[in-house]
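# Examination of the molecular architecture
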Amino acid sequence: MLPILRSRVQAAILATALLNPDEWFSLSQLARRVRCSVTAVHKEIRPLLEMHVLVDRADGAMRLFQAATASPLVAPLTELMLQTYGVPEVVRAELSRVRGVHRAVVGGPWRQRRSGTPGEFPDVVQVTLTSTGAVDRDALDRAVRRIEYRLRRPVSLRGVADPAPVGRDLSRQVPPGPAVPRQRRRAVAAPEPAAPTAAFRPAQALIADLLASGRLELAPTTAVDSRTLFAFADRHLQAAETTEAAFPDAAFWLIAEAVALVGRALLRVQGLAPGPTADDARTCAQVLTAQFGDRFVHVERLRRRARTLHHAGNHVTTAEAAAALRTARALLASAVDDATRATPYVGAPETPS
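Residues numbered from 1 in each chain as written. Predicted model: local features only at pLDDT ≥ 70, side-chain atom pairs only at ≥ 80, totals over all residues. Heavy atoms only, no water.

## Focus on the overall build of the protein
When you go through the protein residue by residue, the secondary structure sums to 13 helices and 9 strands. In the protein, the share of contacts with a sequence separation of at least 24, taken over all contacts with a separation of at least 6, comes to 75%. In the form shown here, the protein has an accessible surface area of approximately 17,600 Å², with 55% of it arising from carbon and sulfur atoms. (Helix = DSSP H or I, 4+ residues; strand = E, 2+ residues; numbered from the N terminus. Contact = heavy atoms within 4.5 Å. Areas by Shrake-Rupley, 256 points an atom, 1.4 Å probe, with all protein chains shown as cover.)

## A word on the packing of helix α5 (residues 87-95) against helix α7 (residues 137-151)
Between two packed helices, both the angle of their axes relative to each other and the distance between the axes serve to describe the pair. Contact pair α5 / α7: the axes reach a minimum separation of 9 Å and the direction vectors enclose 150°. Considering their axes alone, α5 and α7 lie roughly antiparallel with respect to each other. Remark: the crossing between α5 and α7 carries right-handed chirality. For the pair α5 and α7, the contacting residues are V87, V90, V91, E94 and L95 in the first and L140, A143, R146, I147, R150 and L151 in the second. For the contact of α5 with α7, the residue count by class is 8 nonpolar, no polar and 3 charged. (Axes fitted to C-alpha atoms, helices over the stretch in contact; angles between N-to-C directions. Parallel < 35°, antiparallel > 145°, perpendicular 65-115°, else oblique. Left-handed = near helix turned anticlockwise from the far one by under 90°. Nonpolar A, V, L, I, M, F, W, Y, C, P; charged D, E, K, R; others polar.)

## A few points about the packing of aromatic side chains
Between two aromatic rings, the relevant description is the distance of the centres plus the angle of the planes. With the rule as written, the count across this model stands at 1 aromatic pair. Plain terms: the ring middles of F292 and F296 are 6.1 Å apart, the flat faces sit at 55° to each other, and that makes the pair tilted. The lysine or arginine in question, R57, covers the ring of W24, its NZ or CZ lying 4.5 Å from the ring centre. (Phe/Tyr/Trp six-rings, centres within 6.5 Å; stacked < 30°, edge-to-face > 60°. Lys NZ or Arg CZ within 6 Å of the ring centre and 35° of its normal.)

## Some thoughts on the nonpolar core
Formed by 43 residues in total, the largest nonpolar core has its most connected members in L216, I255, L272 and V299. Looking at this core, the elements with two or more residues in it are α8 (201-213), β8 (216-218), α9 (223-243), α10 (248-268), α11 (280-292), α12 (298-307) and α13 (318-339). For this core, the leading source of residues is α10, giving 11 residues. Those residues within four positions of L272 in sequence are excluded, and the remaining contacts are I207, L211, L216, E217, L218, A219, L267 and Y345. One finds A17, F25, L30 and A67 within the second-largest nonpolar core, a separate group that totals 25 residues. (Core = buried A, V, L, I, M, F, W, Y, C linked by side-chain atoms within 4.5 Å. Buried < 20%, exposed > 50% of the residue type's maximum accessible area, 1.4 Å probe, protein only.)

## Regarding the pattern of salt bridges
As a working rule, side chains carrying opposite charge can pair if their charged atoms are close by. Under the defined criterion, the tally for this structure stands at 10 salt bridges. Across the pair D338 and R295 runs a salt bridge whose closest N-O atoms are separated by 2.9 Å. With a gap of 43 residues between them, D338 in helix α13 and R295 in the loop between α11 and α12 connect regions that are remote in the sequence. Accessibility expressed as a relative area gives 3% for D338, which makes it buried. Accessibility expressed as a relative area gives 32% for R295, which makes it partly exposed. (Salt bridge = Lys/Arg side-chain N within 4 Å of Asp/Glu carboxyl O.)

## Section: unusual backbone geometry
Although it is not a glycine, R35 adopts a positive phi angle of roughly 65°. For R35, the position within the fold is in the loop between α2 (27-34) and α3 (38-50). When its relative accessible area of 59% is taken as the criterion, R35 is described as exposed. Notably, H52 is not glycine yet its phi reads approximately 60°, a positive angle. Mapped onto the elements of the fold, H52 is located in the loop between α3 and β2 (54-59).

## Considerations on the sheet that holds strand β1 (residues 25-26)
Spatial ordering of the open sheet is given by β1-β3-β2, a layout of 3 strands whose pairing is antiparallel. The two strands at the open ends of the sheet, each matched to only one other strand, are β1 and β2. Strand direction decides the pairing type here: β2 and strand β3 (residues 62-67), joined by 6 bridges, are antiparallel. Looking across to β3, one finds that D56 is bridged to F65. In the packing of α3 onto the sheet, the strands contacted are β2 and β3, and the crossing angle to β2 comes to about 110°. (Pairing = 2+ DSSP bridges.)

## Some points on the environment of T318
Residue placement: T318 occurs in helix α13. Judged by its relative accessible area of 36%, T318 falls in the partly exposed class. Between the C-alpha atoms of T318 and T243, which are 75 residues apart in sequence, the distance is 10.0 Å. Once residues within four sequence positions are removed from consideration, T318 is found in contact with E244, A245 and P248.

## Thoughts on α3
The end-to-end C-alpha distance of α3, which contains 13 residues, comes to 19 Å, matching closely the 18 Å that a straight helix rising 1.5 Å per residue would cover. Where α3 is concerned, the buried positions are V41, E44, I45, P47 and L48. Where α3 is buried, its residues touch α1 (8-18), α2, β2 and β3. Directly beyond the C-terminal end of α3, a positive phi value near 60° is found at H52. (Expected span 1.5 Å × (residues − 1).)

Set out below in structure tokens:
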């Protein structure tokens, strides 16, 4: 399917890392995701590090690997992988949180092209589902719409009665139940409130504009990632509390980074992330202010103030650092609460004709 890459293992490694840019992977984790030996992953990952497509770091005796998002090669490679080897990665990421879905198998022409059978590039993604319980139909519909948006291709969804012997296991210990029938496409509103309010519609339109311009992009809707980012933000603020009195400049930097992590976490729970060429703080502030209120302007304001500390003679006072810390604590608490009500972004509401 992608002959410019030296092997299918390398292509699968790229798809896994580039389509999950916030995650660090060990060799064994990549081997499980790619379904090959650790030795094969180690062999294929070395040239990707040399090309600065991936970066690595030590975590005790283990090495971890992540997409090198600062590299100019990563953005075009990510788009290439998204449309080829990244198809099952996108399907897995979006359907893994749908209650009742047991397995999702990508088949049809796409599977034939990946196995090496020549033919035209697939224009439809065929996905067969098996279920082991009552399926959350609204969540399934949102997931399908997000897959279509990310892959820019329609999804043909099918269900079968019994679990298939192959495919990705996407749930854990879900009670048995009926299969998933083919879904009728319909607009789905967020559960709280039942329909988008008049105040929320401008935020939907803003998100659509930012997606179109590349300043925002769809990302896997991973609750675990959001909780991790919130936890990192809290640790930054704890460190700022211990240095605030003696080193207010250092404390302010930690506070600004914590608030940026809060913004990214609240976007991530909606399946959104700043684009590779976007100003993270400004993009987060724009979207979150439109969605949740003016308190999120501090995401950009604190980052902008922190950047002035690069210049000679610019400092913050202890009082300014203390005020910023109180603001960041309140913003973190508010964002954690907002995250419980946020739902994955599935597109701007249609304008009535």
